[in-house]
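Spelled out from the first residue to the last, the chains are:
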Amino acid sequence: MVQIPNTPTSADVARLAGVSRATVSYVLNNTSAVRISEPTRRRVREAARELGYVPHAAARSLRAGHSRMVLMPAPAIPVGPLYSRFLNELQWELGRLDYTVVQYGTVGLNGDEAARAWAELRPVAVLVPGAGLGPQGVGVLKRSGARAVLTLGPGRVDGAHALLMDHDAVGACAGAHLYARGRRRIGVVVPEESGLEAYSRPRLAGVRQALHGTDAVVTELPLAYTEESATQLAARVGELELDAVFAYSDEYAMLLMRALQDAGVRIPEDAAVIGADDLMLGRLLRPRLSTVHIELPSGRDLAELVDRAVRDPGGVPEVHKVLGASVIRREST
């Protein structure tokens, strides 16, 4: 027969630390409204560690009237190092504010259907990257107890706080830079990977907007993230007599540059190449890769917006334009 060990309680922690259960609750829930000396706080934490006591999240949620869980749907698209660093910083900052971040996989679920799945977990806030969530989904989340819904994408959603990602500006920076370098037959890589359209299409539109009314010709270049696809595209660059390529991101730029060099195309003499994201690897290439540096919102600022929205669930949704873009010119252009 399996023996199930007794689960330590807050009363056990209180006895070992020589304090009341209320004091244990105040200390382990990081309550700042009650003044407790640092030696007492240290004694309570040491007792909890010795007993292996962990506060009961569900019970704490019942007392507070809401959970401290911030749900972040896991991206259903490939995310690069830049976005991964941003997510790590955001999760750390939310943890500093005593929120628990949970990433939720929603493969096969989209839009309002995904919102219903998220609502089952009863998060206090939901941070949704990309497009797809609609006003109905926001309503489902709020009726389930979510105090704040934030979207991180190209447009606003009624009822949600919005961080607007201006990917058009990324493409406009790249296009203007290539034109200023004397390039007139410019290709723009559009990744074939599913889910990246929300980013690649605005970047293509940004290039076209920046070059509208000039003598430049913009050509769309589909590219899958494989060596075979890059080899085929490198041949097309020569056939189309392109003299520059904005390769969507540094990762796609690196893939294409190698294929171009293997095909005998000199960079930048025959064709200039520029990426986006300003990854370290781009600086190690030869020639070094020009890029569009992207300034994402700080994890601290976004965590504070989440906290502000949770504390004031009836407030007017905030809208912030984020994603600064600037060109870093290196040898590839």
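In this report, we go over the structure that sits alongside the text. Predicted model only: the values in this text are computed from it and were never measured.

Here is what the cut-offs are and how they apply
Residues numbered from 1 in each chain as written. Predicted model: local features only at pLDDT ≥ 70, side-chain atom pairs only at ≥ 80, totals over all residues. Heavy atoms only, no water. Buried < 20%, exposed > 50% of the residue type's maximum accessible area, 1.4 Å probe, protein only. Helix = DSSP H or I, 4+ residues; strand = E, 2+ residues; numbered from the N terminus. Pairing = 2+ DSSP bridges. Axes fitted to C-alpha atoms, helices over the stretch in contact; angles between N-to-C directions. Parallel < 35°, antiparallel > 145°, perpendicular 65-115°, else oblique. Left-handed = near helix turned anticlockwise from the far one by under 90°. Contact = heavy atoms within 4.5 Å. Phe/Tyr/Trp six-rings, centres within 6.5 Å; stacked < 30°, edge-to-face > 60°.

A separate point is the pairing of strand β4 (residues 148-153). The side chains of a regular strand alternate, first on one face of the sheet and then on the other. Among the six residues that make up β4, six are buried, leaving the element largely enclosed by the rest of the structure. On β4, burial covers both faces: A148, L150 and L152 on one face and V149, T151 and G153 on the other are all buried. Sheet analysis places strand β3 (residues 125-129) next to β4, joined by five bridges and oriented parallel. Looking across to β4, one finds that V128 is bridged to T151. Bridge count between β4 and strand β5 (residues 161-165): four bridges; the pairing is parallel. The residue bridging G153 from the neighbouring strand is L164, located in β5.

Attention now moves to the packing of helix α1 (residues 10-17) against helix α3 (residues 38-51). Taken N-terminus to C-terminus, the directions of α1 and α3 make an angle of 125°; their axes are 9 Å apart at the nearest point. As far as their axial angle goes, α3 and α1 are oblique. Regarding α1 and α3, the two cross each other, and that crossing is right-handed. Of α3, the residues touching α1 (which contributes D12, V13, L16 and A17) are R43, V44, A47, A48, E50 and L51.

With that settled, consider the packing of aromatic side chains. Each aromatic ring pair is specified by the distance between its two centres and by the angle formed by the two planes. Per the counting criterion, the structure on display carries two aromatic pairs. Seen from their ring centres, Y225 and Y252 are 5.0 Å apart, and the 65° between their planes marks the pair as edge-to-face. In this pair, Y225 sits in the loop between β7 (217-223) and α10 (227-239) while Y252 sits in helix α11 (residues 250-262), placing the two residues 27 residues apart along the sequence. On the accessibility criterion, Y252 (6% relative accessible area) is buried. Ring geometry for Y248 versus Y252: centroids 5.7 Å apart, planes at 80°, classification edge-to-face. The burial state of Y248 is the same as that of Y252; both residues are buried.

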